[in-house]
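Structural characterization, general
Each chain, written out:
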Amino acid sequence: MELDTLKELYIEELKDLYSAEQQILKSMPKMIRKASNPKLQRAFTTHMRQTERQIKRLERVARLLGEAPGGKKCIGMKGLIDEVKELIDEKPEPEVLDAGLISKAQHIEHYEMAGYGTVRTYARLLGYEEQADLLQQTLDEEGETDHLLTALSESINVEALAPEGEEEDEEEMAPARKRGTKRGAKRGRGTASKKRTSRRGAASRGALARHKSGTLHDRAKALIGG
């Protein structure tokens with residue numbers, strides 16, 4: 001297609017976005033399955049539903065233009081989706097995979113935000129206010145998703161920080177913990193033994209006191225003639 005006018009460029013960019021959204025929708029179920037953090041899973045699920053609505057908006061814009069929405073392959077989005085697949089195939093630790101999925105998802109979001117910002121501006125320049133409003137709705141959703149992913153990354157990236165040395169330290173500390181446990185057990189047994197001795201001593205003292213008390217009572221009875 002020759003791009004001799006802004007309208008033709010606008011239509012071409014809309015087709016590119018339509019292809020991008022279709023590719024995202026197809027990739028989202030796998031990203032949801034591979035994410036281990038429940039909040040991240042929910043964020044991806046929410047975005048998948050948004051993507052379905054965004055596709056419908058593009059179809060509506062295409063109808064207003066009297067054009068078919070498809071017919072083009074978005075090469076840029078294909079590359080971003082391939083990066084997601086490559087990350088998953090490397091099989092990193094769950095926390096690291098979550099951090100990586102957020103990174104890839106935000107690359108996708110920024111690509112979309114740039115695309116929707118452009119077509120929204122073209123629509124306004126061309127006087128297509130209804131179309132511009134529809135595209136702005138999607139742009140707002142993409143921005144919200146990006147902010148949500150940024151907020152999630154603050155905690156998920158920290159979880160992914162757990163250094164390998166921690167595991168080694170745990171292994172090194174294990175013998176010491178065992179020795180400490182044995183010493184603690186010995187101290188515990190010693191304490192228990194002392195408590196038993198103390199209880200036996202108290203019982204003996206109590207018996208002696210009762211004996212003395214009984215003897216004194218008998219003597220008192222004898223003195224009063226009882």
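Here we summarise the structure given alongside this text.

What counts and what doesn't
- Numbering of residues starts from 1 in every chain and runs along the sequence as written.
- Local features are withheld for residues below a pLDDT of 70 in this predicted model, meaning they are given only at 70 or higher, and side-chain atom pairs are given and counted only at 80 or more; totals for whole chains, interfaces and linings count all residues.
- Each side-chain value is worked out from all heavy atoms of the structure, with water and hydrogens disregarded.
- Only one rule defines a salt bridge in this text: a Lys or Arg side-chain nitrogen within 4 Å of an Asp or Glu carboxyl oxygen.
- Where helices and strands are cited, they refer to DSSP runs of H or I of at least four residues and of E of at least two residues respectively, numbered from the N terminus.
- Each residue is placed in one exposure class: buried if its accessible area under a 1.4 Å probe, protein chains only, is under 20% of its type's maximum, exposed if it is over 50%, and partly exposed if it falls in between.
- The term nonpolar core refers to a set of buried residues drawn from Ala, Val, Leu, Ile, Met, Phe, Trp, Tyr and Cys, joined through side-chain atoms within 4.5 Å.
- Working rule for contacts: check all heavy atoms of both residues, and any pair within 4.5 Å makes them a contact.
- Inter-axis angles, ranging from 0 to 180 degrees, are taken between N-to-C directions of lines fitted to C-alpha atoms, where helices are fitted over the stretch in contact.
- Orientation categories follow fixed angle ranges, with anything under 35 degrees roughly parallel, anything over 145 roughly antiparallel, 65 to 115 roughly perpendicular, and all other angles oblique.
- By the definition used in this description, the sense in which the near helix is turned from the far one sets the handedness, with an anticlockwise turn below a right angle giving left-handed and a clockwise turn giving right-handed.
- Polar here means any residue other than Ala, Val, Leu, Ile, Met, Phe, Trp, Tyr, Cys and Pro, which are nonpolar, and Asp, Glu, Lys and Arg, which are charged; Gly is therefore polar.
- Buriedness of a pocket was judged along seven lines, with at least five required to meet protein on both sides within 12 Å; pockets are open sets of points on a 1 Å grid over the protein atoms alone, cavities are sets where a 1.4 Å probe fits but cannot get out, and lining residues have an atom within 4 Å of a point.
- Grid points are joined across faces, edges and corners, and a volume is the space filled by probe spheres set on the points.

Moving on: the pattern of salt bridges. All chains considered together, the criterion is met by nine salt bridges. For Glu12, the salt bridge is made with Lys72, and the minimal N-O distance between the two is 3.5 Å. Of the two residues, Glu12 is situated in helix 1 (residues 6–34) and Lys72 in the loop between helix 2 (38–65) and helix 3 (75–89); the sequence distance between them amounts to 60 residues. Residue Lys78 pairs with Asp82 through a salt bridge whose shortest N-O separation is 3.0 Å. Of this pair, Lys78 and Asp82 both sit in helix 3, four residues apart, which is roughly one turn of that helix. For Lys78, a relative accessible area of 37% gives the class partly exposed.

So, about unusual backbone geometry. If you check the backbone angles, Lys91 has positive phi at about 55° while not being a glycine. For Lys91, the location among the structural elements is in the loop between helix 3 and helix 4 (94–125). Here Lys91 falls in the exposed class, since its relative accessible area comes to 70%.

Counting 26 residues, the largest nonpolar core has Met31, Leu40, Phe44, Met77, Leu101 and Ile108 as the members making the most contacts within it. For this core, the elements supplying multiple residues, two or more each, are helix 1, helix 2, helix 3, helix 4 and helix 5 (129–159). Not counting residues within four places of it along the chain, the set of residues in contact with Met77 comprises Ala20, Gln23, Ile24, Ile108, Tyr111 and Glu112. Judged by nonpolar contacts, the second largest core, of 17 residues, contains Tyr18, Val61, Tyr122 and Leu134.

The contact between helix 1 and helix 2 brings their axes to 9 Å, and the two run at 155°. By the criterion of interaxial angle, the relationship of helix 1 to helix 2 is roughly antiparallel. The two elements helix 1 and helix 2 meet at a crossing, and its hand is left-handed. The residue makeup of the contact of helix 1 with helix 2, split by class, is 17 nonpolar, six polar and four charged.

By the element assignment, Pro29 lies in helix 1. Taking relative accessible area as the criterion, Pro29 reaches 32% and is therefore assigned partly exposed. In sequence terms Pro29 and Gln41 are 12 residues apart; their C-alpha atoms lie 9.7 Å from each other.

Attention now goes to empty space enclosed by the protein. Scanning the entire structure with this criterion turns up two cavities of 30 Å³ or more. Estimates place the volume of the largest cavity at around 90 Å³. Surrounding the largest cavity, 13 residues form its lining, Met28, Met31, His47, Ala105 and Glu109 being those nearest its centre. Those elements that provide at least two residues to the lining of the largest cavity are helix 1, helix 2, helix 4 and helix 5. The element contributing the most residues to the lining of the largest cavity is helix 1, with four residues. Counted as a void, the second largest cavity has a volume near 70 Å³. Along the walls of the second largest cavity sit Ile11, Leu14, Lys15, Tyr18, Leu58, Ala62, Leu65, Glu67, Ala68 and Pro69, which together make up its complete lining. Ranked by residue count, the leading element in the lining of the second largest cavity is helix 1, at four residues. Classifying every residue of the lining of the second largest cavity gives eight nonpolar, no polar and two charged.

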